[in-house]
Amino acid sequence: MLKSVTESFARVIHGLTVGHLTDHVIQRSKRMILDTLGVGFLGTSTDVFHKASEYSKIYSSNVSSSVWGRPDLRLPPPYAAFVNGVAIHSMDFDDTWHPATHPSGAVLPVLMALTEALPSSQKFSGLDLLLAFNVGIEVQGQLMHFSKEASDIPKRFHPPSVVGTLGSAAAASKFLGLSTAKCQEALAIAVSHAGAPMANAATQTKPLHIGNAARHGMESAFLAMLGLQGNKQVLDMQTGFGAFYANYSPQILPNLDSHTWLLDQQDVAFKRFPAHLATHWVADAAASVRKHLVTDRALLPTDRIERIVLRVPDVQYVNRPFPDSEHEARHSFQYVACATLLDGGITIPSFHKCQIARPQVRELLGKVELEHPRDNLPSFNTLYCEISVTLSDGATFTECTETFYGHWRKPLSKEDLRGKFRANASSMLSYDIVERLIEIVENLEDLEDCSMLTTLLKGPSPPVMASKSI
């Protein structure tokens, strides 16, 4: 009988097979993969992606992998995973799970990079990809379930930089076919790569947390392959993985005969606009209140609004009364409420500097107050947003949102998820490639060779310059 939590994780990583995948898990994870690819393509237009990719060009290798949507840019596999991971989280548009983390961005770029980098004789099927992807997701979820603290929206560190790094290492270990012992070493190495403080939330540095998780997890698997050793009890110890949690209580995982996937029990949330998940409750509530204030196509009567009260959980890093940058605005209850009241909804351009700086927005921001009801806990599973708008004549309109559209209790429809992907990916890809990607991902379990997928992810081939004759 196993006595080590760390060894039980290694045995699960090594021992899971495609036969363990359920239809439910396959369908849910395909949606996660499609959404993650889409936000990754969109993210290549951001300033933080440009800086990360320019930095990564200093590295070269005989082995290389693609940067999504950039056919002219190839990087060593860990740095391709890093740059694609940064793109995925560059707008905070990626999927979100409970307990709180962004599960896909640390895992998918690793597997796509490895698919290209490994010898062509080593062909990976869609089922191979789905299995390794779900191993990476499962490891993250299991680790978060060892702590009550992980159930809450984080205060001290950003979870994808911690559990994401181990999920990346697990997925890479599975894809590379590491032994149980090597999987155990990869987890130990990954723990020493993990962690990023919440202080860098709402800055350009936050997307690096996902990119680093992807890169460091892959590097941990490579180092384990080379025989590097770490503490074989790293997940068992308060001074190991427990260093990240004040109330860490790890449990040995069940054996494979009784394995059940967490993704079977808990779906993820998909965002309709690129901002912190908690702001999605605010947007829906504000849109409902706006219907009381605006008729037909009239403008919001900002001069008649005296007071705006948001009753939300006490989440300090999303409490930003006067955001000045796009990253601060994406992490501001106040901004999302005011922009929704003014415009009727939130879109990608809502976070452009010119939109944030509008005089009407700044005027409304000065009227917003936050209240934190005791029953409104900082959990993505239970939080709600109530908004009250009081006018100068004393009239008050109140609306409450308990579940926004896109939350796992109210999931995006297949068509709306496709629509989000099309909108995001079409910024970099042709219509035909976008539609082909949707078809491949939605039938991933039937794909015989993942190289068909990675070829499309590169984007259109750059034009060939005709040589001039002398």
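Calculation criteria
Residues numbered from 1 in each chain as written. Predicted model: local features only at pLDDT ≥ 70, side-chain atom pairs only at ≥ 80, totals over all residues. Heavy atoms only, no water. UniProt positions renumbered as here; feature names shortened; annotations may be inferred. Helix = DSSP H or I, 4+ residues; strand = E, 2+ residues; numbered from the N terminus. Phe/Tyr/Trp six-rings, centres within 6.5 Å; stacked < 30°, edge-to-face > 60°. Buried < 20%, exposed > 50% of the residue type's maximum accessible area, 1.4 Å probe, protein only. Lys NZ or Arg CZ within 6 Å of the ring centre and 35° of its normal. Expected span 1.5 Å × (residues − 1). Contact = heavy atoms within 4.5 Å.

Mapped onto this structure's residue numbering, the UniProt feature "domain: MmgE/PrpD N-terminal" (unreviewed entry) falls at residues 7-248. Secondary structure within residues 7-248 divides into 53% helix and 4% strand; the distance between the first and last C-alpha atoms comes to 17 Å.

Further remarks concern the packing of aromatic side chains. Per the stated rule, a full pass over the model turns up 18 aromatic pairs. Ring centres of phenylalanine 9 and phenylalanine 146 lie 6.0 Å apart, and the angle between their planes is 75°; on these two criteria the pair is classed as edge-to-face. Separated by 137 residues along the polypeptide, phenylalanine 9 in helix α1 (residues 5-15) and phenylalanine 146 in the loop between α6 (126-144) and α7 (163-176) bring together distant segments of the chain. A single burial state applies to phenylalanine 9 and to phenylalanine 146, both of which are buried. Between the aromatic rings of phenylalanine 157 and tyrosine 245, the centroid separation amounts to 5.4 Å while the plane-to-plane angle is 80°, which identifies the pairing as edge-to-face. With phenylalanine 157 in the loop between α6 and α7 and tyrosine 245 in the loop between α9 (206-225) and α10 (262-265), this residue pair connects regions lying 88 residues apart in the sequence. Each member of the pair, phenylalanine 157 as well as tyrosine 245, is classed as buried. Here the basic side chain of arginine 215 rests over the ring of phenylalanine 82, its NZ or CZ set 5.5 Å away from the ring centre. When the ring centre of phenylalanine 93 is taken as origin, the NZ or CZ atom of lysine 420, which lies over that ring, is 4.2 Å away.

Moving on, we come to α7. The first and last C-alpha atoms of α7 sit 20 Å apart over 14 residues, in line with the 20 Å expected at 1.5 Å per residue. In the segment just after α7, glycine 177 is the residue with positive phi, at about 75°.

Structurally, isoleucine 88 can be placed in helix α4 (residues 77-89). A C-alpha to C-alpha distance of 20 Å links isoleucine 88 and cysteine 450, two positions 362 residues apart in sequence. Excluding residues within four positions of it along the chain, isoleucine 88 makes contact with Thr36, Val39, Gly40, Trp68, Phe93, Asp94, Gly105 and Pro109.

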